Every structure is written in C-alpha cells, then in structure tokens.
Amino acid sequence: MSNLYKLFYLLAFTGFLTACHPEHYQPIDSDANIAATINIKDMTVSFIDIDSREKITDWAVHKPYTGGIIFPDRDTFLLYGSQLETADLYSLSTGEIIGQWEVGEGIVNGLLLENKKEIAFVNENDNYIHFVDLKGKESSKMTTEKDPFTVTQSADGSKMYVLSFNHEVLSVIDLQQMQRLDGFKIHSFAAGALLLDDQNELWVGGHGEGIDIERNIHIYDATTGELKKKIAVPTMPVDFAVMDDSVYIVSHGSNTLYKVAKEGEVLDSKIIGANPFTIKALDNELLVAGYDSSDVHFINPDDLRANKSVKVGSGPFQIVLREKK
Amino acid sequence: MRFLTDTLAKKLWLTVTAAIFITILYSYLLSYLFYEKLYVENVEESLLEEGLALASDYEGGPLTDELKEQVVWYNTKADSDVFIVNNPRELSACFPFEMNYDSLINGKEREELLKGNPLFKSGYEDRFNGRIMAVIVPLLDEDRLEGIIYLYLPLEKISDITKDFAYLWMLAAFLFLVVAMISGTVLVKRMTRPLLEMKYATERVSKGDYSVNIKNQSEDEIGQLAHAFNHMADSIREEDERKREFLANVSHELRTPISYVKGYSDALKSGMVTNQEDYQKYLQLIHREAGRMERLVGDLLDLSKLETDEYQLVKMPLPLAQLIEDALQKYLPKIAEKHLTLEYDLDPDIIINADEGRIEQIIQNIIDNALNYTEQGGLSLHLYRTENGCCIELEDSGIGIPPEDIEKIKQRFYRVNKARTRADGGTGLGLAIAEKLVNLHEGELTLDSTFGAGTVVRIFLPIIDE
C-alpha cells in the first residue's frame, strides 16, 4: 500500500473518531470570575475573565442559544434557545456537554429563583412559566398572558412578575403559594423590567409599538400597578442594572447608557457600543454588551466611561455572570 | 396548409420569411434583455452615486435635523425618491425580538449594512405598494448604524422607457420585414424561374419536340441543370435521328436482296427462263441474296444483343497467334484469286483471356473489310506486344477512307460511297460489331487511313501476363 493510501486511511480514521466523540470545548478555570456572553449571530459563547478583563475563549456551540444560567454549583452552565427542543447542560470545568433537558421549543427566558433550587422557564409557545428543579424535573407550571418574555422576581423570592411582549397585561405569580395573582395593565411592547423592592416599584422598559418607538421607562407601583411616572431615556430602553443608589439603563435604539437616580432623576448618559441589549452590574463596574459591535464594555459607574472593551463573538445578546461566592 | 407548400417557390418564400421573422424576434428579445440589464445597471449605479454623495455629508453621531432637511430638499429636486431613516425599528435594530413589524430592512440586510456595504433591491415591496428598484446606503458611526439613505425608482418608470424602445423596435422590425419579404419574393421568383422553364421544356420534349433551348446565364446549380438539360435534349434528338436513319438503312439494306429474290423468283415462276443454265444462274442469285439477308439479320441480331447488357462472353486463355493463323487460312484462296499478297508476322507468345468465337469474328470482319476494298497490292498482318497488352495490326493497300469520314466509319451502315450497292456482299455492320466486341474485351479499335493509299486497323487487347 502506498504512503498516500496510509495517510488517507489515517485521516479517515481520525475523522471517524472525532465524529463519534462529543464536542469538547476549552475548560474554564473553576476559580475564575467570569462573564459569559451568548452570541446569537455566530452561535458562540464567549467567556471573559472579569478580573483580568480579558477574553478567555469562545465556545463554538453552533446552536441557536439565546440565554443561559450558571447553577449555584458554579460549574453547570445551562443554555437554552426558543428554536431548540432541549436545554443543554455543560460543565465549565471540563468543557463538555453533561446533560440535556427536554423542555420543548419556545423557551425565551430562564431565571434562577432566589431559593437557588428552581429555574423558571418562560415558554412563549404554550404561554406557561415552567418551574424546573436543578435535576431538570418540572415541579409546577403557571399560565401567563400571551407571549411572555421578560421575568423578574422580588428579592425575598416571594413574587414573580411576567411581562408579555405583545400583550398589555403584566402577570404576577405568588411563588410561595404557587398561584397567579391579579395582574395589571401596562404599556405595549414592554421589555426589560427591574423590581426595586425597597421602593415597591417596577421599572419597565420597551421597544415601542410599530413605527412609534419607546422613549421612556414606565414606573409602576409593584402592588397596585399604578403608573407612577415616566422617565425619558430615549430610545428603546430594554435592560436595567442597579448599583448603590443608581439605576443603569441601556437604550438600544440610541446606543445609550443612562444613569438614573432611584428617585427618577436622569444623572448622566453616554453612547456605548452599538445596539446594546444587555447590562450587568459587577462589584464596582458595569458590563454592557453591544449586539452590533460584538463587544463587551467595562464601564465606570461614576462617569459612565468605558475602562476597557473586549471583543466577543458576533451578536452578544445576554451576559451571564459567575462571581466570587 | 397544403396550398402553402405546393410549389417550391412558396416553400422557399416561407423559409425565407420564417428565417427573417425568427431572426427579428430573437434579436428583439436579446437586445431587450441587454437593454434592460444595461439600463437597470445604469440606474443602480446612478442611485448609488447619489446615495454615496448624500452620505458623504454625514459626519457621525445621531442624525442631525440639518442632514434630514438636506435629504428632504434633495428629494424635491431628484428624479428618484430619496429619504433618510434613523428610526431603529425601521432599521431592524430589535431584530432578535419578534416585533411583528415589517421593517424597511430585515435582519440580514442590517448585517450587510453594518459591514458598510450598500444594498441593492429590485422587486415588489409592500411598503411602496409596487415593484421598485432601490439602493440603500448605510450611515455608520463606527459600529453603530445610525441611519440609512434609501433611494428608489418605481420599476414602472423603467418599463415605460423599455416600452418606448419596444415600439420603436417594432416599427423598425415591421419595415424591415416588409422590405425583406418583398426582396425575398423577387429573389425567390428569380431563382425558381429557370425551374419553371425547364418544366415547360420537359413537357415539350416528352411530346417529341427536341428543339428546346433553355436560356440561363447563371453559373450556379440551376444554371448547370439548365445546361445539362439542353445537352440531354440534344442527345435525345441525335439518338432519335440515328434511330430513324438506322431504320431507313435496315429497310434499304433488306429491300435490295428482297427485290432480287422477288424479281428472279417471279421470272422463274412465270416460265420466262427456258434454258437450264439461266435457271441455275437465277437460283444461284436468289440463294446468294437469301444468304445475304440471313447474314444481315444475323448481324443485326448480334448487334442488338451486343448493345444490351445480357451479352455474355465465354472467356478462356487463348494463344492469339494460333487463332489468327487459323483464321487466315480461310482467306488464302480468296487472296490468291484477287492476286494480292499477304505478309504476316505474329508473336507466338501472346496469350489473351477472351472468347474464342468472338475474337475470330473480329478478325474475320476486319479481313473481310480489307479484302473488299483492296484491289491491288496486299495485306500485312502483325501481332506484337505493346506496353499494356498486345496489338493486332492489319494494313491494306486499298482505297482508304477520306479524313472527314474516318470518325463515322465505325457507325452502323455507314458507307463512304453513298451509292448503296452491296456488290461486295457486306452488311455494313462488320466494323460496328467488331468494335463492340473489342470493347467488351476491354480493348480498343482504332483506324488510321490515307485516302487512296490504304488503311491500318489496330486492335489493342489486354494480355495474360506470365
């Protein structure tokens, strides 16, 4: 047999082995504090070391994930997407897939409850919130209004607020009794919500309806649903983060980060990235991901200047944090 | 359909017309395609140029009112429709969210614009309620798509222009078609006229009128056909004349002996002959004339057989010298009787593949002829080898043949002396038969004569090589 044939068979055999082996990604150091971005456009997950502010690696998962949750064990990384039948579990320390949960298509959001024992999956297809334990077993489910998208919960873990994307009604779920409470009417095309427990206020953003784009955040009384005020943060405010006495808001329509006092006064604003959809608060810095610019910015909360920008995969849509215990 | 294809002229005319029509149609479609493509490309290019020129005024950051007003002003002046958009909804900024909104550009197009590439669109757009051609130029501030300049033209406008072009084309094509059809008709008529003439000429020939002559100056295939037709008519006329002459000759040749036989037998029957000597003489004459008739009919039969393809030679290898010598023996008394000399020199090695009886007949015929026309001197016969075979050469010192008759001497019943007497007893067919037989043996018979001095007959035959 000629050498060329030997080489061919060797290559074919190698291909066969790799094809049968589960995908293996670069492991993430268990001690590192990380920010993971779920990138929609190129279907990757990027990992950034928060302390060194450097990117660690990209996982080319090649699945249309839209969000993720890191479990309290700091190792299990759950990824979900509305077009996927399963939610997939990866081990960060080994870089391998370790499990799959049959959750069905339509999962648009996932939230780890404050009890750290359950995850709420928002399903826009069947319009239910599915409560699943950390083994993947569904414990209960709650019906919502049509097209649920954003969920947020109270700090004591007693209540959950569900915003419907195309429906002007906000659903409230009592997590202790596991029952649906009376909701209240809100503005249309709401997206992004922040519950300020100490003020009993629910801050809600949005994209706006049709050609009318949303310029304000609406502040509702978390109990009565009364619209207390609107704050102009043009345009299209969609995500919130709280640090000290300020609320930080990203408005993706104008690529702007706003700093707003909890009392409602707009303190500062800066153009950050391109088309930012998501913001997260670290200990003393903010993280903003630019969907079009495909980067993550480390922002000084005082003057809103970017201390550092890190390039990530294309189309970062959500940031998931794993910080020190 | 039959009435359209019943003549060659119509068929040709149809072919020419169809070819012209197809050519026009095809070139119309092609040029229409090219025209539209070129025009569309041109429009696209000019839209892009306009868009890029407008975009060059953008200096980064959110779009200013001034820029928007500039574009609005420009729109009032430009041929195309131009507008500027910075509504993020229209730019599909919310793309990952399902907004249930039909944006100006979709997510994929937004990606392309984010790369700084202009977009080209052509086709139906709901937004404009019709088919349009559009160019979209991005207004980028670093990675931020702050807005777009949208330039478009309704495709109806473009089709209007191509419609004008189509009318012009159709008019030109119609005129061309008319001219081409008229000239085509004339051409086809000219081409087929000689064919019609030939048809009439053929009808005349079949009725026995061979004097036709088609006048056609052209050198093409039809001209050649006309020429060949004239030649054929001439040949038929000549053949017809020969046939008449032949019939006249045959009847004349037969009439002479018949009148002899009739006259002498009448005399015998009526008892006019009284003495035994005359009686025997008359009988002898009748017998001679009957013999001549027999020979004549035999020769005619031979000739007619020879002229058909069914005549079969029985070929075998023959020593030619021996054969000639045997034949000569029969003539020795007659030669002696006429006080002529005979000299011969025969190559004994020559062997030919031939029919013995026929070769003998050939030799007899030429010796008969030589003896009939030689009154003094003698005959000389030679057989010798030539480059391609052998030659039998018979030379006499007879009366010879005038040069003007030498070509015709081999024809049936042809005689140099037009007075039709057959005192010599010949049938007038000997040389014709001899030549036919020689030709059947793949040989050649030639005559060479000096009038008043003698004639040389040469027969060339192929031989068997040892």
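Residues numbered from 1 in each chain as written. Chains lettered and ligands numbered in written order. Predicted model: local features only at pLDDT ≥ 70, side-chain atom pairs only at ≥ 80, totals over all residues. Heavy atoms only, no water.

- If you check an unreviewed UniProt entry, chain B appears there as histidine kinase from Cytobacillus purgationiresistens.
- In the Subcellular location (unreviewed entry) part of its UniProt record, chain B is described as follows: "Cell membrane".
- Comment text from UniProt for chain B, heading Catalytic activity (unreviewed entry), reads "ATP + protein L-histidine = ADP + protein N-phospho-L-histidine." (UniProt positions renumbered as here; feature names shortened; annotations may be inferred.)

- Chain A appears in an unreviewed UniProt entry as DNA-binding beta-propeller fold protein YncE from Cytobacillus purgationiresistens.

**Remarks on the layout of surface pockets**
Residues and elements named next belong to chain A.
Inference 1: Estimates place the volume of the largest pocket at around 1600 Å³.
Inference 2: Every residue lining the largest pocket is counted, 44 residues in all, and those nearest its centre are G110, L111, I279, K280 and I319.
Inference 3: For the lining of the largest pocket, the secondary structure elements donating two or more residues are β4 (67-70), β8 (107-112), β12 (148-153), β16 (190-196), β20 (237-243), β24 (276-281) and β28 (316-322).
Inference 4: Residue classes in the lining of the largest pocket are distributed as 27 nonpolar, 10 polar and seven charged. (1 Å grid on protein atoms, 1.4 Å probe; cavity = no way out; pocket = protein on both sides within 12 Å on 5 of 7 lines; lining within 4 Å. Points joined across faces, edges and corners; volume = space filled by probe spheres on them. Helix = DSSP H or I, 4+ residues; strand = E, 2+ residues; numbered from the N terminus. Nonpolar A, V, L, I, M, F, W, Y, C, P; charged D, E, K, R; others polar.)

**A few points about the pattern of salt bridges**
Inference 1: According to the stated counting rule, one finds 33 salt bridges over all chains in the structure shown.
Inference 2: Between A:K146 and A:D147 there is a salt bridge whose closest N-O contact spans 3.6 Å.
Inference 3: B:E41 is the salt-bridge partner of B:K37, the closest N and O atoms lying 2.8 Å from each other. Remark: B:E41 and B:K37 occur in helix α1 (residues 8-55); sequence separation between them is four residues, near one turn of the helix.
Inference 4: Taking relative accessible area as the criterion, B:E41 reaches 36% and is therefore assigned partly exposed.
Inference 5: Each of A:K41, A:D292, B:R110 and B:E111 takes part in salt bridges that share partners, so that together they form one network. (Salt bridge = Lys/Arg side-chain N within 4 Å of Asp/Glu carboxyl O. Buried < 20%, exposed > 50% of the residue type's maximum accessible area, 1.4 Å probe, protein only.)

**Description of helix α3 (residues 107-114) of chain B**
Residues and elements named next belong to chain B.
Inference 1: Of the positions making up α3, those classed as buried are G107, E109, R110, L113 and L114. One side of α3 carries all its buried residues, which in axial view fall inside an arc of 155 degrees.
Inference 2: In this structure, the buried residues of α3 make contact with β2 (119-125), β3 (130-141) and β4 (144-154).
Inference 3: One side-chain oxygen of the residue at the start of α3 lies 3.1 Å from the amide nitrogen of K108, identifying that residue as N106.
Inference 4: G116 sits one or two residues past α3 and shows a positive phi near 90 degrees. (Arc of directions from axis to C-beta. Contact = heavy atoms within 4.5 Å. Polar contact = N/O pair within 3.5 Å; in protein donor to acceptor, adjacent residues only side chain to side chain.)

**What to know about the pairing of strand β7 (residues 351-354) of chain B**
All names here are of chain B.
Inference 1: Across the two faces of β7 the burial differs, with I352 and A354 buried and I351 and N353 not buried at all.
Inference 2: With four bridges connecting them, strand β5 (residues 316-319) and β7 associate as antiparallel partners. Paired with L318 across the bridge in β7 is I352. (Pairing = 2+ DSSP bridges.)

**Some thoughts on the interface of chain B and chain A**
Inference 1: Taken together, the contact between chain B and chain A spans 20 residues of the former and 30 residues of the latter.
Inference 2: Together chain B and chain A conceal approximately 1900 Å² of surface at their shared face, both sides included; 59% is due to carbon and sulfur atoms.
Inference 3: On the chain B side of the contact with chain A, B:R89, B:F97 and B:R144 bury the most area, a combined 31% of that side's loss.
Inference 4: Counting the contacts that link chain B with chain A gives three salt bridges. (Buried area = accessible area lost by both parts, 1.4 Å probe.)

**Points about unusual backbone geometry**
Working note: non-glycine residues mostly have negative phi, and peptide bonds are mostly trans.
All names here are of chain A.
Inference 1: Cis geometry marks the peptide bond from P234 to T235; its omega dihedral reads -10 degrees.
Inference 2: Tracing the chain through its elements places T235 in the loop between β19 (227-232) and β20.
Inference 3: You will see that M236, though not glycine, has its phi angle at about 65 degrees, which is positive.
Inference 4: Residue placement: M236 occurs in the loop between β19 and β20.
Inference 5: One non-glycine residue with positive phi stands out, namely L304, at about 60 degrees.
Inference 6: Assignment of secondary structure puts L304 in the loop between β26 (295-299) and β27 (306-311).
Inference 7: Overall, the relative accessible area of 0% leaves L304 in the buried class.

**Comments concerning the packing of helix α8 (residues 356-372) of chain B against helix α9 (residues 430-440) of chain B**
Residues and elements named next belong to chain B.
Inference 1: Relative to each other, α8 and α9 sit at 145 degrees, their axes nearing to 9 Å. Judged by the sense of rotation from one axis to the other, the crossing of α8 with α9 is left-handed. Here R358, Q361, I362, N365, I366 and N369 of α8 lie close against α9, whose contacting residues are G430, L431, I433, A434, L437 and V438.
Inference 2: Taken together, the residues of the contact of α8 with α9 sort by class into seven nonpolar, four polar and one charged. (Axes fitted to C-alpha atoms, helices over the stretch in contact; angles between N-to-C directions. Left-handed = near helix turned anticlockwise from the far one by under 90°.)

**Observations regarding the environment of B:L67**
All names here are of chain B.
Inference 1: As for its placement among the helices and strands, L67 is situated in helix α2 (residues 65-77).
Inference 2: You can call L67 buried: its relative accessible area is 6%.
Inference 3: Beyond its immediate stretch of four places on either side in the chain, L67 contacts L54, D57, Y58, I84 and L139.

**Quick look at the sheet that holds strand β13 (residues 159-164) of chain A**
All names here are of chain A.
Inference 1: The four strands lie next to each other as β12-β13-β14-β15, forming an open sheet whose pairing is antiparallel. Strands at the two margins of the open sheet, each flanked by one partner only, are β12 and β15 (179-185). For this sheet, the mean angle separating the axes of adjacent strands, direction not counted, is 25 degrees.
Inference 2: Direction of pairing for β12 relative to β13: antiparallel, over a ladder of five bridges.

**Re the packing of aromatic side chains**
Inference 1: Here the structure, examined in full by the defined rule, presents 21 aromatic pairs over all chains.
Inference 2: With a centroid separation of 6.0 Å and an interplanar angle of 65 degrees, the aromatic rings of A:F47 and A:F77 are classed as edge-to-face. Separated by 30 residues along the polypeptide, A:F47 in strand β2 (residues 44-49) and A:F77 in strand β5 (residues 76-80) bring together distant segments of the chain. Comparing A:F47 with A:F77 shows no difference in burial state: the two are buried.
Inference 3: Ring plane angle 70 degrees and centroid distance 6.2 Å describe the contact between B:F83 and B:Y152, whose orientation is recorded as edge-to-face. Of this pair, B:F83 sits in strand β1 (residues 81-85) while B:Y152 sits in strand β4, and the two are 69 residues apart along the sequence.
Inference 4: B:F83 gets classed as partly exposed once you look at its relative accessible area, which sits at 24%.
Inference 5: Put simply, the rings of A:Y25, A:F47, A:W59, A:Y65, A:F77 and A:Y90 touch in pairs and so form one group of aromatic residues.
Inference 6: The ring of A:Y291 carries A:K41 above its face, with NZ or CZ at 4.6 Å from the centroid.
Inference 7: The lysine or arginine in question, A:K141, covers the ring of A:Y128, its NZ or CZ lying 4.5 Å from the ring centre. (Phe/Tyr/Trp six-rings, centres within 6.5 Å; stacked < 30°, edge-to-face > 60°. Lys NZ or Arg CZ within 6 Å of the ring centre and 35° of its normal.)

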